[in-house]
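# Examining the three-dimensional arrangement
The lines below spell out each chain.
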Amino acid sequence: MMRSLWTAASGMKTQQATVDSIANNLSNVNTVGFKKERLEFKSLLYETMKNAGDTANGGSPVNLQVGHGVRTVASVKSFTQGTFERTEGPLDFAIEGDGFFALMDVNGNEIYTRDGSFKTSILDGELMLTTSTGRPVLGIDGEPIVFDETIVADKLSVDERGIFSTIVDGDRVELGIQLQVVQFQNAQGLKTIGGGFYEQTVASGIPIVEVDNEDMEGSMVVQGALEASNVQAVEEMVKLIVAQRAYELSSKAIQSSDEMLQRANELKR
């Protein structure tokens with residue numbers, strides 16, 4: 001009887017994890033560049049009580065096995081394209097394609113994001129392009145993007161390749177600055193570190209700079225727009241209801257096992 005208690009408990013634990021994942025998706029429904037995730041499950045070990053073809057037990061054509069429940073094995077990000085929201089901000093960028101913007105964290109390491117809501121900030125006496133949290137945005141040379149102090153943000157223009165230009169004496173002049181956009185062989189292998197940022201891992205592979213790989217299908221940078229979260233609230237609510245019902249079923253199994261144990265104990269009286 002104890003087997004059913006622990007098996008049902010494993011079901012409750014995994015469904016609780018599912019509800020946690022759905023709650024995280026719903027809470028980020030308005031987060032720029034957020035990518036929804038889902039959990040994957042695998043069954044636990046099986047106890048073999050009789051093998052198929054066991055002649056000592058009559059040569060049964062099938063096995064007799066009892067499972068021990070379920071476990072969570074992975075959380076999978078969905079990097080499907082989110083819709084674009086026009087902001088007309090000169091430093092707001094969205095990526096159409098599989099690319100990521102490259103940034104620098106506080107330790108000087110590269111991190112990556114789909115959130116292109118950038119700002120200009122004075123860091124170490126220089127006018128840099130940064131995120132809302134102050135992370136420097138990197139150019140194709142792998143260094144933080146630094147503007148001349150005479151640059152006016154409202155006059156900046158960025159083409160689909162991420163190349164910056166501005167108006168000088170009525171003419172548009174390129175600044176020799178280009179956003180670094182990278183792709184990964186396995187984006188699912190990226191490590192989510194919060195804040196809309198990702199780190200590369202052994203599973204993701206090294207970042208591939210799009211401008212250095214002509215054979216790669218490049219992404220397109222869209223100025224004056226932001227990529228919305230790809231979370232569909234209605235879809236998540238349906239998943240939430242299913243997870244809640246599955247949780248209730250597992251709890252009912254525990255309740256039934258408890259009642260059966262109670263009946264067995266009453267036989268002594």
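Attention in this report is confined to the structure presented alongside it. By convention here, each chain's residues receive numbers from 1 onward along its written sequence. Selection of residues for local features in this predicted model requires a pLDDT of at least 70, selection of side-chain atom pairs for listing and counting requires 80 or more, and totals for whole chains, interfaces and linings are taken over all residues. Heavy atoms throughout the structure, all of them, feed into the side-chain values; hydrogens and water do not.

Further remarks concern the nonpolar core. Working definition of a nonpolar core: buried Ala, Val, Leu, Ile, Met, Phe, Trp, Tyr and Cys residues. They are joined through side-chain atoms within 4.5 Å. Burial status follows relative accessibility: with a 1.4 Å probe on protein chains alone, a residue under 20% of its type maximum counts as buried, one over 50% as exposed, and anything between as partly exposed. The biggest cluster of nonpolar side chains holds 20 residues, and the ones touching the most others in it are F93, F118, L129, I145, F147, F164 and L179. Setting aside residues up to four positions removed in sequence, F147 forms contacts with T120, L127, L129, L156, F164, L175 and I177. In this structure, F100, L138, V182 and L190 belong to the second largest nonpolar core, which totals nine residues. Contact between two residues is taken to exist if any of their heavy atoms lie within 4.5 Å; hydrogens are not considered.

In this fold, R172 is placed in strand β15 (residues 171-178). Separated by 23 residues in sequence, R172 and E149 have C-alpha atoms that sit 18 Å apart. Residues in contact with R172, not counting those within four places in the same chain, are K155, S157, S165, T166 and I167. A polar side-chain atom of R172 sits 3.3 Å from a polar atom in the side chain of S165. Working definition: helices are DSSP H or I runs of at least four residues, strands are E runs of at least two. Numbering for both runs from the N terminus. For the purposes of these results, a polar contact is taken to be a pair of N or O atoms within 3.5 Å, where, inside protein, one atom must be able to donate a hydrogen and its partner to accept one; residues adjacent in sequence count only when each atom of the pair is a side-chain atom.

Right, let's talk about the pattern of salt bridges for a bit. By convention in these notes, a salt bridge is any Lys or Arg side-chain nitrogen within 4 Å of a carboxyl oxygen on Asp or Glu. What the rule picks out here adds up to nine salt bridges. Across the pair E227 and R114 runs a salt bridge, and its minimum N-O distance is 3.0 Å. With E227 in strand β21 (residues 225-227) and R114 in the loop between β8 (110-113) and β9 (116-117), the pair connects residues that are 113 residues apart, well separated along the chain. The class for R114 is buried, based on a relative accessible area of 3%. The residue E248 makes a salt bridge to R245 at a minimum N-O spacing of 3.4 Å. Separated by three residues within a single helix, E248 and R245 lie in helix α2 (residues 233-266), roughly one turn from each other.

With respect to the helices and strands, the residue S75 is situated in strand β4 (residues 70-77). Under the relative-accessibility criterion, S75 is labelled partly exposed at 46%.

On to the sheet that holds strand β7 (residues 100-104), then. In this scheme, strands are said to pair when DSSP sees at least two bridges between them. As summarised here, the arrangement of the six strands in space is β17-β18-β8-β7-β16-β19, forming an open sheet in which the pairing is antiparallel. What marks the edges here is a single partner per strand, and that holds for β17 (191-194) and β19 (208-209). Looking at chain direction, β7 and β8 are connected through four bridges and run antiparallel. Bridge assignment links L103 to a residue of β8, and that residue is I111.

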